[in-house]
Amino acid sequence: MASTPDGLPPLRDVVATHGLAPKKALGQNFLFDLNLTAKIARSAGPLEGFTVFEIGPGPGGLTRALLAQGATRVVAVERDPRCLPILAEISAHYPGRLEVVEGDALETDLAALAKGAPAKIVANLPYNVGTQLLINWLTADVDHPFWTSMTLMFQKEVGQRIVAVPGSNHYGRLGVLAGWLTHSEILFDVPPQAFTPPPKVTSSVVQLEPLEKRLPCHLARLERVTHAAFGQRRKMLRQSLKPLGGEALLERVGIEPTRRAETLSVAEFCVLAEAL
Ligand code: SAM
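What comes next is a walk through the structure. (Residues numbered from 1 in each chain as written. Predicted model: local features only at pLDDT ≥ 70, side-chain atom pairs only at ≥ 80, totals over all residues. Heavy atoms only, no water.)

A word on the overall build of the chain. Counting secondary structure elements, the chain contains twelve helices and nine strands. Computed over its C-alpha atoms, the radius of gyration of the chain comes to 21 Å, within 12% of the 19 Å expected for a compact globule of 276 residues. Dimensions of the chain, computed from C-alpha atoms along their principal axes, come out at roughly 70 × 40 × 25 Å. Expressed as a percentage of its 276 residues, the buried residues of the chain come to 48%. Within the chain, residue pairs in contact and separated by at least 24 positions form 69% of the contacts whose partners lie at least 6 positions apart. For the chain, the centre of its 28 positive side-chain charges and the centre of its 27 negative side-chain charges are spaced 6 Å apart. (Helix = DSSP H or I, 4+ residues; strand = E, 2+ residues; numbered from the N terminus. Rg over C-alpha atoms; globule rule 2.2 N^0.38 Å. Buried < 20%, exposed > 50% of the residue type's maximum accessible area, 1.4 Å probe, protein only. Contact = heavy atoms within 4.5 Å. Lys, Arg positive; Asp, Glu negative; His and termini not counted. Charge placed at Lys NZ, Arg CZ, Asp CG, Glu CD.)

A separate point is the pattern of salt bridges. A complete count under the given rule lists eleven salt bridges for this structure. A salt bridge links Glu99 to Arg73, with the shortest nitrogen-to-oxygen separation between them at 2.8 Å. Separated by 26 residues along the polypeptide, Glu99 in strand E4 (residues 98-102) and Arg73 in strand E3 (residues 73-78) bring together distant segments of the chain. Across the salt bridge formed by Asp80 and Arg82, the nearest N and O atoms sit 2.9 Å from each other. Looking at Asp80, the relative accessible area reads 3%, which means it is buried. By relative accessible area, which is 27% here, Arg82 ends up partly exposed. (Salt bridge = Lys/Arg side-chain N within 4 Å of Asp/Glu carboxyl O.)

Attention now moves to the packing of aromatic side chains. Using the criterion set out here, one finds four aromatic pairs in the structure. For the pair Phe53 and Phe146, a centre-to-centre distance of 6.3 Å together with 80 degrees between the ring planes defines the contact as edge-to-face. Note that Phe53 is positioned in strand E2 (residues 51-55) and Phe146 in the loop between helix H6 (130-139) and strand E6 (147-155), a separation of 93 residues in sequence. In this structure, Phe53 and Phe146 share a single accessibility class: buried. Relative to Phe269, the ring of Phe230 lies with its centre 5.4 Å away and its plane at 35 degrees, an arrangement referred to as tilted. Of the two residues, Phe230 sits in helix H9 (residues 219-231) while Phe269 sits in helix H12 (residues 266-275), which places them 39 residues apart along the sequence. (Phe/Tyr/Trp six-rings, centres within 6.5 Å; stacked < 30°, edge-to-face > 60°.)

So, on to the sheet that holds strand E9 (residues 203-210). The seven strands are arranged E4-E3-E2-E5-E6-E9-E7 in an open sheet whose pairing can be described as mixed. Sheet topology places E4 and strand E7 (182-190) at the edges, where each strand pairs with a single neighbour. Ignoring which end each strand starts from, the neighbouring axes of this sheet average 20 degrees apart. Across three bridges, the pairing between E2 and strand E5 (residues 119-124) is parallel. Looking at the pairing, Val52 lines up with Lys120 of E5. (Pairing = 2+ DSSP bridges. Axes fitted to C-alpha atoms, helices over the stretch in contact; angles between N-to-C directions.)

Glancing now at the site of the ligand. Around the ligand there are 20 residues in total, and Leu31, Gly56, Glu78, Asp104 and Asn124 lie nearest to it. Within the backbone of Gly56, a nitrogen or oxygen atom sits 2.7 Å from a nitrogen atom of the ligand. The contact in question runs from a nitrogen atom of the ligand to an N or O atom on the side chain of Asp104, over 2.8 Å. For the ligand, whose accessible area on its own is 590 Å², the fraction buried by protein is 99%. When contributions to the shell around the ligand are tallied by element, the ones reaching two or more residues are strand E1 (30-31) and E3. Grouping the amino acids of the shell around the ligand by side-chain chemistry returns eight nonpolar, seven polar and five charged. (Near = heavy atom within 4 Å. Polar contact = N/O pair within 3.5 Å; in protein donor to acceptor, adjacent residues only side chain to side chain. Areas by Shrake-Rupley, 256 points an atom, 1.4 Å probe, with all protein chains shown as cover. Nonpolar A, V, L, I, M, F, W, Y, C, P; charged D, E, K, R; others polar.)

Among the residues making up helix H2 (residues 34-43), those that are buried are Leu36, Thr37, Ala38, Ile40 and Ala41. Looking at the buried residues of H2, the elements they touch are E1, helix H3 (61-68), E5, E6, E7 and E9. One side-chain oxygen of the residue at the start of H2 lies 2.8 Å from the amide nitrogen of Asn35, identifying that residue as Asp33. Remark: Gly45 follows H2 within two positions and exhibits a positive phi of approximately 80 degrees.

What follows is the structure in structure tokens.
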């Protein structure tokens, strides 16, 4: 068998030995290139002293990179039981540092698993649930996020929606939520050929860090406003926000009723939400 920097077998051999055929329904597009998984792990910054949550470790390429990079404790949440024997081998190679939680990440309370220790989330996310997972982590506790950074792979289009600024086509509810709570940026793109099997689209690694000071705003009200405004994004706000007070509400906060949702800054959305 070929050797690897961490002394564990190459990922292609691991997958072949364990007969882990990728399942589309589980969003299984695996990364076998250890240089790429190391690059993603490095992007997350120092890992010593942190609990690092990884969602969907699969055959463990990124998991191994996180451990090799010095993560004190990795907690990996995986839904596919076929991956567990592979992850057990990695755990034995790094005694006491890898915990595997078998289950659905959508139902897993990462904040509780962090037990108050500083935490980072680093993952090549299953695309079918990636956006919902991000929203769950962003909104778990907007005043006291349990994570100090998130380094996440999404489809490029989702990455563009997360970092979008007013006036861009990608700007919408996700951009407002992420912009209210975080500083976010796309670190780099990853082409389809880097994955096995290759997905149809390019992917992007996105980094999010909580803002030290966020604008005062009530989450549920902000979501009501952005839901109404972007639900009819081509319409003027006086029309799309009619159920919430329309023209009167807009005039009260000094926003021109003929503007459209995509022109409003995050701060303007917050002002609107607070005026509801
Ligand atoms: N981290 C591996 C890599 O980079 O090669 C695999 C990434 S693959 C894109 C997504 C992984 O998430 C798969 O291992 C899949 O089984 C797992 N998965 C899918 N849905 C999940 C869910 N709801 N909760 C936890 N894991 C899930």
